[in-house]
Amino acid sequence: QVQLVQSGGGLVQAGGSLRISCVASGSIGRTNTMGWYRQAPGSGKQRELVALISSGGFTTYADSVKGRFTISRDNAKNTVYLQMNSLKPDDTAAYYCNLLSWSHNNYWGQGTQVTVSS
């Protein structure tokens, strides 16, 4: 069984920075993709991709966060990070850690709230 435990997040003023982390445990294998998704408040809001990073270090970012957010991972610690700089009120959302295993199983963290005040 795979578990993802998130930490970090909170309230920050626009222009500020936050870092969120996610530790994976269990049978995650060596080959996987980890990433972050977010879901903004309000009915009808879908969970959207923020950033992905493969076990080999290849990254993908949503256009809305390019140049402001950085995803990284420490394979020895089975941990993925999201450094968020120049935060905007539109970044306010619940952020979810995701792991896609080599066998194409999808796992989610518990979510962490990021609130950016204007």
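Before any of the text, the structure's been laid out above.
Residues numbered from 1 in each chain as written. Predicted model: local features only at pLDDT ≥ 70, side-chain atom pairs only at ≥ 80, totals over all residues. Heavy atoms only, no water.

Undergrad: It is not clear to me how the state of the cysteines should be interpreted in this structure. Could you clarify?
TA: Counted according to the given criterion, the structure contains 1 disulfide. Through a disulfide, C22 is tied to C97; the S-S separation comes to 2.1 Å. With the S-S bond torsion at -80 degrees, the cross-link from C22 to C97 turns out left-handed. Taken as a pair, C22 in strand β3 (residues 18-25) and C97 in strand β9 (residues 93-101) lie far apart in primary sequence, 75 residues in all. Across this residue pair, the class does not change: C22 and C97 are buried. (Disulfide = S-S within 2.5 Å. Helix = DSSP H or I, 4+ residues; strand = E, 2+ residues; numbered from the N terminus. Buried < 20%, exposed > 50% of the residue type's maximum accessible area, 1.4 Å probe, protein only.)

Undergrad: It is not clear to me how the sheet that holds strand β8 (residues 79-84) should be interpreted in this structure. Could you clarify?
TA: Paired through their backbone hydrogen bonds, the strands of a sheet run either parallel or antiparallel. Pairing is antiparallel in the open sheet, where 4 strands are placed in the order β1-β3-β8-β7. Because the sheet does not close on itself, it has two edges, and the strands there are β1 (3-8) and β7 (69-74). Between one strand axis and the next, the sheet turns through 15 degrees on average, direction left out of account. Across 6 bridges, β1 lies against β3 in antiparallel orientation. Paired with Q6 across the two strands is C22, which belongs to β3. (Pairing = 2+ DSSP bridges. Axes fitted to C-alpha atoms, helices over the stretch in contact; angles between N-to-C directions.)

Undergrad: Even after reading the chapter, I still don't get the nonpolar core, so can you show me in this structure?
TA: Within soluble globular proteins, side chains that are nonpolar tend to cluster in buried spots. Judged by nonpolar contacts, the single largest core of 27 residues is most densely connected at W36, L82, M84 and Y95. Those elements that place two or more of their residues in this core are β3, β4 (32-39), β5 (48-54), β7, β8, β9 and β11 (112-117). (Core = buried A, V, L, I, M, F, W, Y, C linked by side-chain atoms within 4.5 Å.)

Undergrad: I'm lost on the pattern of salt bridges in this one. Help?
TA: Should their charged atoms come close, side chains of opposite charge can pair. By the definition in use, this model includes 4 salt bridges. The partner of R68 in a salt bridge is D91, with the nearest N and O atoms 2.7 Å apart. Pair noted here: R68 is in the loop between β6 (59-61) and β7 and D91 is in the loop between β8 and β9, with a separation of 23 residues, a long-range link. Each member of the pair, R68 as well as D91, carries the same accessibility label: buried. One salt-bridge network, in which partners are shared between bridges, spans R38, E48, R68 and D91. (Salt bridge = Lys/Arg side-chain N within 4 Å of Asp/Glu carboxyl O.)

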